[in-house]
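Okay, here's what each chain looks like letter by letter:
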Amino acid sequence: MFVLVEMIDTVRIPPWNFPRQLNEAIAEELNKKLANKVVYNVGLCICLYDVTKLEDSYIFPGDGASHTKVHFRYVVFHPFLDEILLGKIKYCSQEGVHVTMGFFDDILIPPESLQQPAKFDEAEQVWLWEYETDEGAHDLYMDQGEEIRFRVTDEVFVDTSPTGPAAAVTETPAQPGQPPAPPAEASAEKKDPPYTLIGTICDPGLGLLSWWNS
């Protein structure tokens, strides 16, 4: 679930931090820059583990800060495929069951990966498993806040680096006899999270803990 990743970065230390120990100042700057951030194709950065090498520091003209190339290891949340994890249901939607681990929320269990047969209750906004027994079918609800055990089947990284400004849209004047075009609405596109885990619970022992404890 957690891995150590070797990284290299140039750390800028402002002049007011020169009296401090260099390692302490560098650790603070690295955590300020990386902690709780997603690095593309690496994972969610948690905290600095250690500094393995410090190269020479330089002060450039026009900048009173020092610049040091640092080799370090960082603790990163990056589960391997088929790893079994434990979380809590955050909410349900037509897309599937959304799971949180407290520090990481972008986990989705799609409908085809739920215990089958499954259906979505529109009124309650929850998924349920229609569990067949000798006495008939029982509806097992996947309520918000319930603990759930799932297996990681896939991961999706999205490059969220800044892009250039969008091209200006020119308004087309209305033709005679036609109603004017509606005003252009501000772009409100749903932003994809930079790192998403896809899971499944359609294996024995997976799903809500209450299903298997009772």
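The shown structure was predicted, so the numbers you read here are calculated from the model rather than taken from an experiment.

Another point: the nonpolar core. Among the nonpolar cores identified, the biggest contains 26 residues, and Val-97, Ile-109, Met-142, Phe-150, Leu-197 and Ile-201 are the most heavily contacted of them. Going through the elements one at a time, strand E5 (84–93), strand E6 (96–100), strand E7 (107–109), strand E9 (126–133), strand E11 (147–157) and strand E12 (195–200) are the ones with two or more residues in this core. Counting residues per element, this core draws most heavily on E11, at 4 residues. For Met-142, the residues in contact, after removing those within four places along its chain, are Ile-89, Cys-92, Val-97, Leu-114, Val-126, Trp-127, Leu-128, Trp-129, Ile-201, Leu-208 and Trp-211.

This part covers the sheet that holds strand E4 (residues 66–77). Strand order in the open sheet formed by 4 strands is E1-E4-E3-E2, and the pairing between neighbours is antiparallel. The sheet terminates laterally at strand E1 (2–13) and strand E2 (38–39), the two strands that pair on one side only. As paired elements, strand E3 (residues 43–59) and E4 share 11 bridges and run antiparallel to each other. Within E4, the position partnered with Leu-54 by the bridge is Val-70. Of the strands in this sheet, E1, E2, E3 and E4 are in contact with helix H1 (residues 22–34), which crosses E1 at around 110°.

Enumeration over the complete set of coordinates arrives at 9 salt bridges. Salt-bridge contacts for Asp-50 lead to Arg-73; the nearest nitrogen and oxygen are separated by 2.6 Å. With a gap of 23 residues between them, Asp-50 in strand E3 and Arg-73 in strand E4 connect regions that are remote in the sequence. Given a relative accessible area of 22%, Asp-50 falls into the partly exposed group. Across the salt bridge formed by Asp-105 and Lys-90, the nearest N and O atoms sit 3.3 Å from each other. Separated by 15 residues along the polypeptide, Asp-105 in the loop between E6 and E7 and Lys-90 in strand E5 bring together distant segments of the chain. A relative accessible area of 33% places Asp-105 in the partly exposed class.

Glancing now at the packing of aromatic side chains. Across all of its chains, the model carries 9 aromatic pairs by this definition. With 6.2 Å between their ring centres and 80° between their planes, Tyr-40 and Phe-157 make a pair best called edge-to-face. Here Tyr-40, found in the loop between E2 and E3, pairs with Phe-157, found in strand E11; they are 117 residues apart in sequence, far enough to count as distant. Residue class for Phe-157 comes out buried when judged on its relative accessible area of 15%. Among the aromatic residues, those joined into a cluster by ring pairs are Phe-2, Tyr-40, Phe-77, Phe-103, Phe-104, Phe-157 and Tyr-195.

Okay, the confidence of the model for the protein next. When the pLDDT values of the protein are averaged, the result is 84; 86% of them are 70 or greater. Within the protein, E4 carries the highest mean pLDDT (94), whereas strand E10 (residues 136–141) carries the lowest (76). Here residues 184–188 is modelled with pLDDT under 50, and outside its nearest four sequence neighbours on either side it reaches 0 contacts, counting other chains as well.

Right, let's get into the environment of Tyr-58. Residue position: Tyr-58 is located in strand E3. Distance in space between the C-alpha atoms of Tyr-58 and Lys-69 is 9.3 Å, their sequence separation being 11 residues. Beyond its immediate chain neighbours, meaning those up to four positions away, Tyr-58 contacts Ala-65, Ser-66 and His-67.

Here the focus is H1. The periodicity of an α-helix, 3.6 residues per turn, causes residues three or four places apart in sequence to face the same way. With 13 residues, H1 should reach 18 Å at 1.5 Å per residue; the first-to-last C-alpha distance of 18 Å fits that figure. Three or more residues of H1 are buried, namely Ala-25, Ile-26, Ala-27, Glu-29, Leu-30 and Leu-34. One or two steps after H1, the chain reaches Asn-36, where phi turns positive at roughly 65°.

Conventions used here
Residues numbered from 1 in each chain as written. Predicted model: local features only at pLDDT ≥ 70, side-chain atom pairs only at ≥ 80, totals over all residues. Heavy atoms only, no water. Core = buried A, V, L, I, M, F, W, Y, C linked by side-chain atoms within 4.5 Å. Buried < 20%, exposed > 50% of the residue type's maximum accessible area, 1.4 Å probe, protein only. Helix = DSSP H or I, 4+ residues; strand = E, 2+ residues; numbered from the N terminus. Contact = heavy atoms within 4.5 Å. Pairing = 2+ DSSP bridges. Axes fitted to C-alpha atoms, helices over the stretch in contact; angles between N-to-C directions. Salt bridge = Lys/Arg side-chain N within 4 Å of Asp/Glu carboxyl O. Phe/Tyr/Trp six-rings, centres within 6.5 Å; stacked < 30°, edge-to-face > 60°. pLDDT = per-residue confidence, 0-100. Expected span 1.5 Å × (residues − 1).

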